[in-house]
Every structure is written in structure tokens, then in C-alpha cells.
Amino acid sequence: MTAQIIDGKAFAADVRARVGEQVARLKAAHGVTPGLAVVLVGEDPASEVYVRNKGKQTLEAGMASFEHKLPAETSEAELLALIATLNADPEVHGILVQLPLPAHLNSDLVINAIDPAKDVDGFHISNVGLLATGQKAMVPCTPLGCLMMLRDHHGSLSGMEAVVLGRSNIVGKPMAQLLLRDSCTVTIAHSRTRDLEAVCRRADILVAAVGRPEMVKGDWIKPGATVIDVGINRVPAPEKGAGKTRLVGDVDFAAASAVAGAITPVPGGVGPMTIACLLANTLTACCRAHGLAEPEGLTA
Ligand code: GUN
């Protein structure tokens, strides 16, 4: 079997286009422009790239982008004061504090200071609780992107056996909640799971989010399963020249695509969906703030 490739890059372009259309409609009909504020503390190069991309795509979707770059030595009080200002700003509908924060800052405290209605990352404890209890929440972007691709591929997910490999607050746990909400039978597996391979082999849907390059082998996959690879790992690529690197997922793509029914590649799978869903969440937050109908097909 050769798996169908789920093209996250094309899917994300479609989501961005749909967000852009709705933003134009909001502006024309209601004079409202969705605004996203991104806060970056310190100079982590990878985070700077992410933040630049977020800003660029926010503007391309017709939204307002507010970037706040703070020095690494910013105090907790200063950061909390900025968040309070953004919470009170009616032009800001979404607030994202780029993680990881420098070690002297308490991420939980900072995230929970964001107005839950503007928490477009869906990391605030209120949103975590709302999602877990099946109420209207802001949903974390990466799991939302995975869910959109799964729904698009399968239609209904009801009754399917889903295994989420990884238990992070950003991906694993919210992914499991979303799959449960779509009536999957869900297992959260992790590095301490006994007989991990056999657990993965049960999955009709396998979501790999462990951050270990090519950990999931071909024989861990049930024939015909759908594999969503959330991993983005940079590994040495001596075949490309000395000191060169390449990106790989958490799944051994070549082996897995010979067994799976469908699979997301790395790069070009889940990655582009994360920012697309951030834009979708900002639009959703803006619609909710103004008491307008939510965008169809862009929420969980
Ligand atoms: N750092 C890596 N991924 C994310 C994300 O989804 N949101 C935030 N705020 N920071 C991140």
C-alpha cells in the first residue's frame, strides 16, 4: 500500500484564503478588523522566525498585527503589565505569548493572565477546562489543524480507534480531547507506555507528537491507518554536505507510507496548519467579541 499524502500546505492555504474572505466581509459589513498581538520575550532565533511568519500571514489575511518584542531580561511585572494593556485594548482580539519564555518568567502565570476570550492559543486554564467539558472554548492551534485535516479526510471520526502519542499541554492533551469530542475511542500513549508499539498498532488514527525524530516505525502502524505527524525535528544530513541538516517528523515517513492509508509529510503537513489555525482563532475571537456569527468550518 502507498499512503495518500495529506497536503497540509495546500490545506493551510485554503484555510488562510477562507479566513481572508471572512475578514474582508467583517470589515465591509461591520467595520471591524480582527487584530492579533504577538509577544516575544528574548532573542531565541527559532521563535523569531515563527513570530515573523505569524506577523506576515496575519497581515496577508487582512488582519491587524501588533508585535511586541521585549528584551530577555524583562521582568514578570513588566510582562503582566503589557498583557493587561492588551486585554483592555478593543483593537486586539487575540493575544499570543510566544513560548518558551526565559526561565525567570513563570509561563503558567503569564498565560493565565491573558483574557480567556483573547487566548487564541487556547492555553488558559479556562479554555482547557471548557474544552474538557465540551463547552465553547478557544482550541489550541496545532490540534485544531490536525482535527480539520482528519475531518476533511474521513468525514465522521465516530467510533474510530485513535492513539495520541505524546501528552503535552500544547498538543497531546488537547488533541485527545478533540478526538474524544468527535466520538473516537482515545488512548494517550507516551514514553512510559508499556508495549508502545502494540498500542500504536491498534490505531485507526495515530497522532505522533513526541518530538523524537522518526521514532514511529513502519511496523508500529496498522495497515490503512491515518497517520498525523506533528513532529518537526532537525537532524544532521551529511548526504547534503558537511554541517547540513534536514527536517524529519516523529514518524519514519518512508516506512510508514508503505503501510498507512494516509499520512501527513514533514515538512508540509501539520506545520503550515498551525499558523492558519491561529488566524482562524483570531477571526473566531473577533466574531465572539462583537456578538457576530462564528466562521463556519474554521472552529472545532
Ligand atoms: N511555541 C511553539 N509552539 C507554540 C504555540 O503553538 N504557541 C505559542 N504561544 N508558543 C509556541
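In this text, all values refer to a predicted model and were calculated from it rather than measured experimentally. (Residues numbered from 1 in each chain as written. Predicted model: local features only at pLDDT ≥ 70, side-chain atom pairs only at ≥ 80, totals over all residues. Heavy atoms only, no water.)

Draft legend 1. Geometry of the pairing of strand β8 (residues 226–229). Side chains of β8 alternate between two faces, with Thr 226 and Ile 228 and Val 227 and Asp 229 buried alike. As paired strands, strand β7 (residues 205–208) and β8 are joined by 4 bridges and run parallel to one another. Looking across to β8, one finds that Leu 206 is bridged to Val 227. Sheet topology places β8 next to strand β11 (residues 262–263); 2 bridges connect them, and they run parallel. Its bridge partner lying in β11, Val 227 is registered against Ile 263. (Buried < 20%, exposed > 50% of the residue type's maximum accessible area, 1.4 Å probe, protein only. Helix = DSSP H or I, 4+ residues; strand = E, 2+ residues; numbered from the N terminus. Pairing = 2+ DSSP bridges.)

Draft legend 2. Examining the site of the ligand more closely. The ligand sits among Leu 96, Val 97, Gln 98, Leu 99, Asp 121 and Phe 123. Contact distances for the ligand include 2.8 Å between a nitrogen atom and a backbone N or O atom of Val 97. The contact in question runs from a nitrogen atom of the ligand to an N or O atom on the side chain of Asp 121, over 2.6 Å. Summarising the interface, the protein chains cover 79% of the accessible area of the ligand, which totals 280 Å² for the free molecule. Counted by class, the shell around the ligand contains 4 nonpolar, 1 polar and 1 charged residues. (Near = heavy atom within 4 Å. Polar contact = N/O pair within 3.5 Å; in protein donor to acceptor, adjacent residues only side chain to side chain. Areas by Shrake-Rupley, 256 points an atom, 1.4 Å probe, with all protein chains shown as cover. Nonpolar A, V, L, I, M, F, W, Y, C, P; charged D, E, K, R; others polar.)

Draft legend 3. View of the sheet that holds strand β6 (residues 185–189). Spatially, the 6 strands line up as an open sheet ordered β1-β11-β8-β7-β5-β6, and their pairing is parallel. Both outer strands of the open sheet, β1 (4–5) and β6, are each paired with one neighbouring strand and no more. Judged from the 4 bridges that link them, strand β5 (residues 161–165) and β7 form a sheet pairing that is parallel. Bridging from a neighbouring strand, Ala 162 pairs with Ile 205 of β7. Those strands touched by helix α6 (residues 141–154) are β1, β7, β8 and β11, and its axis lies near 160° from that of β8. (Contact = heavy atoms within 4.5 Å. Axes fitted to C-alpha atoms, helices over the stretch in contact; angles between N-to-C directions.)

Draft legend 4. Seen up close, the sheet that holds strand β2 (residues 35–41). Read across the sheet, 3 strands follow the order β3-β2-β4 without closing on themselves; strand pairing throughout is parallel. Each edge of the open sheet carries a strand with a single partner, namely β3 (64–70) and β4 (94–97). Here the average twist between neighbouring strands, direction ignored, is 15°. Of the pairings in the sheet, the one linking β2 to β4 comprises 4 bridges and is parallel in character. Of the residues in β4, the one forming a bridge with Leu 36 is Gly 94. Of the strands in this sheet, β2, β3 and β4 touch helix α2 (residues 45–60), which is tilted by about 160° from β3. Strand contacts of helix α3 (residues 76–88): β2, β3 and β4, with the helix running at about 175° to β2, the strand carrying the most contacts.

Draft legend 5. Broad picture of the pattern of salt bridges. As enumerated under the stated definition, the model contains 7 salt bridges in all. For Lys 56, the salt bridge goes to Glu 60, with nearest N and O atoms at 3.5 Å. Taken together, the residues Lys 56 and Glu 60, both in helix α2 and 4 residues apart, mark about one turn of the helix. Both residues of the pair, Lys 56 and Glu 60, belong to the exposed class. (Salt bridge = Lys/Arg side-chain N within 4 Å of Asp/Glu carboxyl O.)

Draft legend 6. Expanded view of the side chain of Gln 98. Its location among the elements puts Gln 98 in the loop between β4 and α4 (107–111). With relative accessibility at 7%, the residue Gln 98 sits in the buried group. A distance of 2.5 Å separates a polar atom in the side chain of Gln 98 from a polar atom in the side chain of Lys 54.

Any link to function would need more than the numbers given here.
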